[in-house]
Amino acid sequence: MKAVATGFLLGATVVFFVAKYFEVVRGVPGADYVRAAAEAGMVGALADWFAVTALFRHPLRIPIPHTAIIPRKKDMIGDSLGDFVGENFLSESVVRDKLERIGVSESVGRWIAEQQNADRITTELVTAARALVTVLRDEDVQNVIETVAVRKLMEIPVGPPMGKALEGVLADGAHRRLVDLVCDRAYDWVADNQEMVLRVVHDRAPSWTPRFVDDLVADKLFAEIRGYAWAVKTDPEHPLRHAVDRYLAEFARDLQHDETTMERAEQVKRQVVEHPEVQHFIGRAWTVVKSMVLDAADDPSNELRLRGRDGLMAFGRRLGRDAELRAKLDGWLADAASYVVRHYRHQITTLITETVARWDAEETSRKIELQVGRDLQWIRINGTVVGALAGLVIHAVGELVIG
């Protein structure tokens, strides 16, 4: 483009001299109009060449004031660019408005709901996990688990959180299924152990009572026990069930507020953690996790990998139909972005200004010129053409007015 623009200048110069020759030596009518147009085109081309060149370097290497603007103002340009980005792109209102219009959670939900995308995410996750578990030393991880995680568990009181969790379970009524299961198993056990009841009655009965009396007592006792177990099993409002609810509620309160109960819970926790089987499980925990990750990374049909993919797809479908969840996630994302912008905008803009400041002035000028130089050469070409037309008009008007 520089050669093309320079060619326009050289063409105007050649036309000027030819037209000047025909005007002065040959006296050809109209040659003065061509000469005036070419002369003005030369002036326009030279003026625009000076303007374009002055942006990037000193014209003809002469240190004319107010030239080589980009090399001299590089740091100022970087500061201005950083301020521009900070004010127009890194403001809370702009970020929030953009995130609201994009609808990030809805777009993400649609994307991860498709199987090929969920497979892609799962593959990337297991690949990253494999790289992580391969880099980590087994001894170091095991030491962290045994000395940090277990020690932290021993330091945290187990009673209050267990009591709080139990209160939540009781409030939701989720414990009733467990109570139903216990009642069912208790009834089944009673029904299957009539011989045990008979044996207990025979063993505890006085030696002087007749055998048939013991059998009658045992049968009656078994019938009462089985009937009571059946009533507890089939009646959701049975007094024994209410007694269990009251006991559990009281136990939940004691876990949070009764010192004796909390201390007993701590003793149980210590016994459980210090049990040889639990210690063996803790010792093998990292090996098991590492093996699971490596198996998932190597086998696309691994159950863990498939479950992760299915979980992602299910979450994506839920995002697609649950407007409340989308609004909540978008709100969290907007709050997080606003926090980053509010607290780290200066660091982000400083990254721009410091990066530009580290650039070499001449190299920066060259890069910018390569990006926009083609369009700037059109300024030179247009200057030649427009200058020629302007010169032609000016000459024609002058001849018309004076001549």
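Residues numbered from 1 in each chain as written. Predicted model: local features only at pLDDT ≥ 70, side-chain atom pairs only at ≥ 80, totals over all residues. Heavy atoms only, no water.

Colleague: Can you explain the overall build of the chain? Please cite residues and give values.
Modeller: On a plain count of helices and strands, the chain comes out with 18 helices and zero strands. Against the 2.2 N^0.38 benchmark of 22 Å for 403 residues, the chain shows a C-alpha radius of gyration of 44 Å, more extended than a compact globule. When its C-alpha atoms are laid out on the principal axes, the chain stretches across 160 × 45 × 45 Å. Counting the 403 residues in the chain, one finds 29% classified as buried. Expressed as a percentage of contacts within the chain between residues at least 6 apart in sequence, the contacts between residues at least 24 apart total 70%. Total accessible area computed for the chain in this model is approximately 27,200 Å², and 62% of it derives from carbon and sulfur atoms. Charged side chains in the chain number 51 positive and 59 negative. The centres of these two groups are separated by 6 Å. (Helix = DSSP H or I, 4+ residues; strand = E, 2+ residues; numbered from the N terminus. Rg over C-alpha atoms; globule rule 2.2 N^0.38 Å. Buried < 20%, exposed > 50% of the residue type's maximum accessible area, 1.4 Å probe, protein only. Contact = heavy atoms within 4.5 Å. Areas by Shrake-Rupley, 256 points an atom, 1.4 Å probe, with all protein chains shown as cover. Lys, Arg positive; Asp, Glu negative; His and termini not counted. Charge placed at Lys NZ, Arg CZ, Asp CG, Glu CD.)

Colleague: Any chance you could break down unusual backbone geometry for me, citing the residues and the numbers?
Modeller: Phi is positive for His 66, close to 65 degrees, though the residue is something other than glycine. Inspection of the secondary structure puts His 66 in the loop between α2 (31–56) and α3 (69–72). For Ala 68, which is not glycine, the phi torsion reads 50 degrees and is therefore positive. Looking at the secondary structure, you find Ala 68 in the loop between α2 and α3.

Colleague: Lay out the nonpolar core with the relevant residues and their values.
Modeller: Grouped together as the largest cluster of nonpolar side chains are eight residues: Tyr 187, Val 190, Val 197, Leu 198, Val 201, Ala 218, Phe 222 and Ala 229. Look past the residues within four positions of Ala 218 in its chain and what remains in contact with it is Val 197, Leu 198 and Val 201. (Core = buried A, V, L, I, M, F, W, Y, C linked by side-chain atoms within 4.5 Å.)

Colleague: Outline the environment of Val 201, supporting the account with residue identities and numerical values.
Modeller: Tracing the chain through its elements places Val 201 in helix α11 (residues 194–204). Judged by its relative accessible area of 12%, Val 201 falls in the buried class. C-alpha separation for the pair Val 201 and Val 144, spaced 57 residues apart in sequence, amounts to 57 Å. Filtering out sequence-adjacent residues up to four positions away, Val 201 remains in contact with Asp 214, Val 217, Ala 218 and Leu 221.

Colleague: Hey, could you go over the packing of helix α10 (residues 175–192) against helix α13 (residues 239–257) for me, with residue numbers and the actual values?
Modeller: Running from N to C, α10 and α13 cross one another at 130 degrees; their axes reach a closest spacing of 12 Å. It follows from the interaxial angle that α10 and α13 lie oblique. Here the hand of the crossing between α10 and α13 comes out right-handed. On α13, the residues touching His 175, Val 179, Asp 180 and Cys 183 of α10 are Arg 241, Val 244, Asp 245 and Leu 248. Looking at the contact of α10 with α13 residue by residue, the classes come out as four nonpolar, one polar and three charged. (Axes fitted to C-alpha atoms, helices over the stretch in contact; angles between N-to-C directions. Parallel < 35°, antiparallel > 145°, perpendicular 65-115°, else oblique. Left-handed = near helix turned anticlockwise from the far one by under 90°. Nonpolar A, V, L, I, M, F, W, Y, C, P; charged D, E, K, R; others polar.)

Colleague: Can you lay out the environment of Ser 338 for me, pointing to particular residues and giving the numbers?
Modeller: Its place among the elements puts Ser 338 in helix α17 (residues 323–358). Spatially, the C-alpha atom of Ser 338 lies 73 Å from that of Glu 195, the residues being 143 residues apart in sequence. The contact partners of Ser 338, leaving out residues within four places of it in the chain, are Glu 92 and Arg 96. At 2.8 Å, the side chain of Ser 338 forms a polar contact with the backbone oxygen of Ala 334. (Polar contact = N/O pair within 3.5 Å; in protein donor to acceptor, adjacent residues only side chain to side chain.)

Colleague: Please give an account of the packing of aromatic side chains that cites residues and values.
Modeller: The geometry of two aromatic rings is summed up by the distance between their centres and the angle between their planes. Enumeration over the complete set of coordinates arrives at five aromatic pairs. Consider the rings of Phe 16 and Phe 17, whose centres lie 5.3 Å apart with planes at 70 degrees: the pair is edge-to-face. The class for Phe 16 is buried, based on a relative accessible area of 15%. According to the relative accessible area criterion, Phe 17 is exposed, its value standing at 53%. Taking 5.5 Å as the distance between ring centres and 75 degrees as the angle between the ring planes, the aromatic pair formed by Tyr 21 and Phe 22 counts as edge-to-face. (Phe/Tyr/Trp six-rings, centres within 6.5 Å; stacked < 30°, edge-to-face > 60°.)

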